[in-house]
Amino acid sequence: MFHGSRAPSMNIQRYTERVHRYARCSPACFVAAFAYIIRYLERPVSTSMTRRLTSLNVHRLLITSLLVAAKFLERKCYKNAYYAKIGGVSTEEMNRLERTFLFDLDFRLNITAEMFEEHCLMLQRQTVPCSTRKLRTVLGEITCGCRAI
């Protein structure tokens, strides 16, 4: 479902920057989206194959997980059509991706404060340093010392 027929011409770093610029999601949404992707990849599938990130699925997984995180965490959220436009997919495909992603996660979207901090630290190891911020989320106000946000 998440695999494209060919890799997008935009690399994942530029794609992430684009999504960040236009989706205007809180940093907490990006951390949650990352947690959801990990959860998705770790979930067993019915076949003997394991799930992994590839150049054919990473873009769709990112836009889908961010859409789901924004709907779950943010007070206001853009419609699926807007996320589809940002992500370079049709609205119908965005709807299918969201539905599939939610069912694949068994609708388990809650993230504990400890898990949130753990994913912040994981992202920290992969990103350029930035300042420490306090995040207001459904988990309450969290001080995250990671450099991922």
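No experiment lies behind these values; they were computed from the predicted model shown.

Quick look at the overall build of the chain
Assigned secondary structure in the chain consists of 6 helices and 2 strands. Along the chain, from the amino end to the carboxyl end, the secondary structure elements read α-α-α-α-α-α-β-β. By residue count, 40% of the 149 residues in the chain fall in the buried class. By sequence separation, contacts in the chain at least 24 residues apart represent 72% of the contacts at least 6 residues apart. Accessible surface, the chain: about 9100 Å² in total, of which carbon and sulfur atoms supply 52%.

Here we look at unusual backbone geometry
Glycine aside, negative phi is the norm for most residues, and most peptide bonds take the trans geometry. Despite not being glycine, Arg 24 has its phi angle at roughly 55°, a positive value. Within the element layout of this structure, Arg 24 appears in the loop between helix H1 (12-23) and helix H2 (27-42). Residue Arg 24 is classed as exposed on the basis of its relative accessible area, which comes to 61%.

Comments concerning the packing of H2 against helix H3 (residues 58-73)
Where H2 meets H3, the axes come as close as 8 Å, and the angle between the chain directions of the two elements is 120°. The angle between H2 and H3 places the two elements in the oblique class. Classified by chirality, the crossing of H3 by H2 is right-handed. Seen from H2, the contacting residues are Ala 28, Cys 29, Phe 30, Ala 32, Ala 33, Tyr 36, Ile 37 and Tyr 40; seen from H3, they are Leu 61, Leu 62, Ser 65, Leu 66, Val 68, Ala 69, Ala 70, Phe 72 and Leu 73. A per-class count over the contact of H2 with H3 returns 16 nonpolar, 1 polar and no charged.

Description of the environment of Ala 35
Positionally, Ala 35 belongs in helix H2. Spatially, the C-alpha atom of Ala 35 lies 9.3 Å from that of Glu 118, the residues being 83 residues apart in sequence. Non-local contacts of Ala 35, meaning those with residues more than four positions away in its chain, are made with Ile 111 and His 119.

Observations regarding H2
With 16 residues, H2 should reach 22 Å at 1.5 Å per residue; the first-to-last C-alpha distance of 23 Å fits that figure. Here H2 lies mainly inside the structure; 12 of its 16 residues are buried. Buried within H2 we find Ala 28, Cys 29, Phe 30, Val 31, Ala 32, Ala 33, Ala 35, Tyr 36, Ile 37, Ile 38, Arg 39 and Tyr 40.

A short note on the packing of H2 against helix H6 (residues 113-124)
Two elements in contact, H2 and H6, have axes separated by 9 Å at closest approach and are oriented at 90°. Judged by the inter-axis angle, H2 sits roughly perpendicular to H6. Contacts between H2 and H6 pair Ala 28, Val 31, Phe 34, Ala 35, Ile 38 and Arg 39 from the former with Met 115, Phe 116, His 119, Cys 120, Met 122 and Leu 123 from the latter.

Let's talk about the nonpolar core
Membership of the largest hydrophobic core comes to 38 residues, with the highest contact counts inside it found for Val 19, Cys 25, Tyr 36, Leu 66, Tyr 83, Met 94 and Phe 101. Mapped onto this core, the elements with two or more residues apiece are H1, H2, H3, helix H4 (80-87), helix H5 (91-104) and H6. Broken down by element, the residue count for this core peaks at 10 residues, all from H2. Ignoring any residue separated from it by four or fewer positions in sequence, one finds Val 19 in contact with Arg 24, Phe 30, Ile 63, Leu 66 and Ile 86.

Focus on the confidence of the model for the chain
Chain-level statistics for the chain give a pLDDT mean of 78 and a share of 74% at 70 or above. When the elements of the chain are averaged for pLDDT, strand S1 (residues 133-137) gives the smallest value, 42, and H5 the largest, 94. Note that pLDDT drops below 50 for residues 128-149; the model gives that stretch 52 contacts with residues more than four away or on any other chain.

Parameters and conventions
- Residues numbered from 1 in each chain as written.
- Predicted model: local features only at pLDDT ≥ 70, side-chain atom pairs only at ≥ 80, totals over all residues.
- Heavy atoms only, no water.
- Helix = DSSP H or I, 4+ residues; strand = E, 2+ residues; numbered from the N terminus.
- Buried < 20%, exposed > 50% of the residue type's maximum accessible area, 1.4 Å probe, protein only.
- Contact = heavy atoms within 4.5 Å.
- Areas by Shrake-Rupley, 256 points an atom, 1.4 Å probe, with all protein chains shown as cover.
- Axes fitted to C-alpha atoms, helices over the stretch in contact; angles between N-to-C directions.
- Parallel < 35°, antiparallel > 145°, perpendicular 65-115°, else oblique.
- Left-handed = near helix turned anticlockwise from the far one by under 90°.
- Nonpolar A, V, L, I, M, F, W, Y, C, P; charged D, E, K, R; others polar.
- Expected span 1.5 Å × (residues − 1).
- Core = buried A, V, L, I, M, F, W, Y, C linked by side-chain atoms within 4.5 Å.
- pLDDT = per-residue confidence, 0-100.

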